[in-house]
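Spelled out from the first residue to the last, the chains are:
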Protein chains: 2
Amino acid sequence: MKLLEDKILKDGVVLPGDVLKVDSFLNHQINVMLLSQMAEYIYNHFKDCKVDKVLTVEASGIALACLTAQFFCCPLVFAKKSKTANMQGDSFVADVYSYTHKTMNHIEVTKKYLSVGENVLIVDDFLANGEASKGLISLVNQANAKVVGVACAIEKCYQGGGDSLREQGIDVLALAAIDKMEDGKITFRNS
Amino acid sequence: MKLLEDKILKDGVVLPGDVLKVDSFLNHQINVMLLSQMAEYIYNHFKDCKVDKVLTVEASGIALACLTAQFFCCPLVFAKKSKTANMQGDSFVADVYSYTHKTMNHIEVTKKYLSVGENVLIVDDFLANGEASKGLISLVNQANAKVVGVACAIEKCYQGGGDSLREQGIDVLALAAIDKMEDGKITFRNS
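All of the points below concern the structure found in this document. (Residues numbered from 1 in each chain as written. Chains lettered and ligands numbered in written order. Predicted model: local features only at pLDDT ≥ 70, side-chain atom pairs only at ≥ 80, totals over all residues. Heavy atoms only, no water.)

**Let's talk about the pattern of salt bridges**
All names here are of chain B. Following the criterion strictly, the structure yields 18 salt bridges over all chains and no others. Close ionic contact of Asp6 with Lys2 constitutes a salt bridge, the shortest N to O distance being 2.7 Å. Here Lys2 and Asp6 lie together in helix H1 (residues 2-11), a separation of 4 residues that amounts to about one turn. Residue Lys2 is classed as exposed on the basis of its relative accessible area of 59%. Salt-bridge contacts for Asp179 lead to Arg189; the nearest nitrogen and oxygen are separated by 3.5 Å. Of this pair, Asp179 sits in strand E10 (residues 172-182) while Arg189 sits in the segment after strand E11 (185-188), placing them 10 residues apart in sequence. The exposure class of Arg189 is partly exposed, given its relative accessible area of 24%. (Salt bridge = Lys/Arg side-chain N within 4 Å of Asp/Glu carboxyl O. Helix = DSSP H or I, 4+ residues; strand = E, 2+ residues; numbered from the N terminus. Buried < 20%, exposed > 50% of the residue type's maximum accessible area, 1.4 Å probe, protein only.)

**Describing helix H2 (residues 32-46) of chain A**
For H2(A), built from 15 residues, the straight-helix expectation of 21 Å at 1.5 Å per residue is met to within 8% by its first-to-last C-alpha distance of 21 Å. Turning to H2(A), its buried residues are Val32(A), Leu34(A), Leu35(A), Ser36(A), Met38(A), Ala39(A), Ile42(A) and Phe46(A). (Expected span 1.5 Å × (residues − 1).)

**Description of the relation of the copies chain A and chain B**
Aligned on chain B, chain A shows an RMSD of 0.0 Å; the corresponding rotation is 180° and the shift along the axis is 0.0 Å. Taken together, the rotation angle and the small translation identify this as a two-fold axis. Of every C-alpha in chain A, the one belonging to Ala59(A) sits nearest the axis of rotation, 2.5 Å from it. Interface overlap between copies is the fraction of interface residues in one copy that are interface residues in the other; for chain A against chain B it reaches 100%, indicating a shared surface. (Least-squares fit on C-alpha atoms with pLDDT ≥ 70 in both. Contact = heavy atoms within 4.5 Å.)

**Thoughts on the interface of chain A and chain B**
Contact with chain A, which involves 31 residues of that partner, is made by 31 residues of chain B. In total, about 2,600 Å² of surface goes out of reach between chain A and chain B, with carbon and sulfur atoms giving 65% of it. Together, His28(A), Gln29(A) and Tyr113(A) form the three largest contributors to the area buried by chain A at its contact with chain B, with a combined 26%. Counting across the interface, chain A meets chain B through 0 salt bridges. The tally of links from chain A across to chain B stands at 17 residue pairs in polar contact (both at pLDDT 80 or more). At the level of secondary structure, the elements contributing two or more residues to the side of chain A that touches chain B comprise strand E3 (29-30), H2, helix H3 (62-72), strand E5 (76-82) and strand E7 (103-110) of chain A. (Buried area = accessible area lost by both parts, 1.4 Å probe. Polar contact = N/O pair within 3.5 Å; in protein donor to acceptor, adjacent residues only side chain to side chain.)

**Re a nonpolar patch on the surface**
On the surface, a nonpolar cluster with roughly 200 Å² of combined accessible area is contributed by Val13(A), Leu15(A) and Val19(A). Counting through the fold element by element, Val19(A) comes out in strand E2 (residues 19-21). (Patch = residues over 30% accessible without salt bridge, like charges linked within 9 Å, V, L, I, M, F, W, Y side chains within 5 Å. Areas by Shrake-Rupley, 256 points an atom, 1.4 Å probe, with all protein chains shown as cover.)

**A word on the packing of aromatic side chains**
Residues and elements named next belong to chain A. All chains considered together, the criterion is met by 6 aromatic pairs over all chains. Taking the centre distance of 5.9 Å and the plane angle of 25° together, the rings of Tyr43 and Phe71 count as stacked. A residue pair is termed long-range when its members are at least 10 positions apart, and Tyr43 in helix H2 and Phe71 in helix H3 qualify at 28 residues. A residue is classified by how much of its surface remains accessible, and Tyr43, at 25% relative accessible area, is partly exposed. Grouping aromatic residues by their ring pairs yields a cluster made of Tyr43, Phe71 and Phe72. (Phe/Tyr/Trp six-rings, centres within 6.5 Å; stacked < 30°, edge-to-face > 60°.)

Functional significance is not addressed by these values, which are geometric in nature.
Below, the structure written as structure tokens:
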């Protein structure tokens, strides 16, 4: 999506350690008008998939996921992060390893908010190693619901998570797919 | 707002300890169409205030705040929670005491995302003792910006936070203001 790529080139900041800082428009201050256009782009890609529900994980995925759910006129569910797994048995729980913080976390969704046979679209801000997406897919699978696809604002292709999901036959849509970041220069895939 | 009051009476669950569970439509699974109408209600109340920015705190305030910012065609900023105060000096930081978890937390916003003289509307899902709102107001004050008001989905009036803000001259809008919850029965203020 050229609009987002241009915004990343204009306002994104590449920091040491492959960190792309986009907190001026995507995940701290949020350019809601841009996100709304991004949500429409996601809608146009998945509009024939009979999406019943949009699923994301707190916190920075919520804004884009909310605007996407608005286009589909469907509910949004956000998985909650916790350090300890919920032991009450009323939640689907998945492990998500954080490479950034080098810790294992849990994400969970109350069982009644993911139902058998539902078509679920997963939306998040970043897709890097794919740990968060795999956790969300696990929650959908535990519910015997169906993942219709994974949409992310920014994919860091060189971390492999997106391609690993594609190899499993999952429709992965990245609005901006970054092939490499070298010396502060960003190269997008297919552009 | 009658639509929200009716939804709370229909789908809210009152649990022991004054807990109102609204996670089927407000803060886990989100009824985006309802939230969009709530955002419009907030917009109509504050539309003459020249709102430059909507401010909330992660995570459950983000959806309503995002849809509200959409009506105002303005950016959304969400404060981040942290256990330890950012020591780099590039953030505004406020303490927020959590009565639920009995812990002191910090919320912070990178300084460049709140500017001198901006009109800031604070939006959150719940307003109870007012700790989160007071923290957000502190961030706005540190930036020498102006709080035009505080809008929340649900105010628990009996916890006093909303009235304490009103006494300071702040325009507090609660879409559903709960005066008491007794034996599972919810009584709204002015209804």
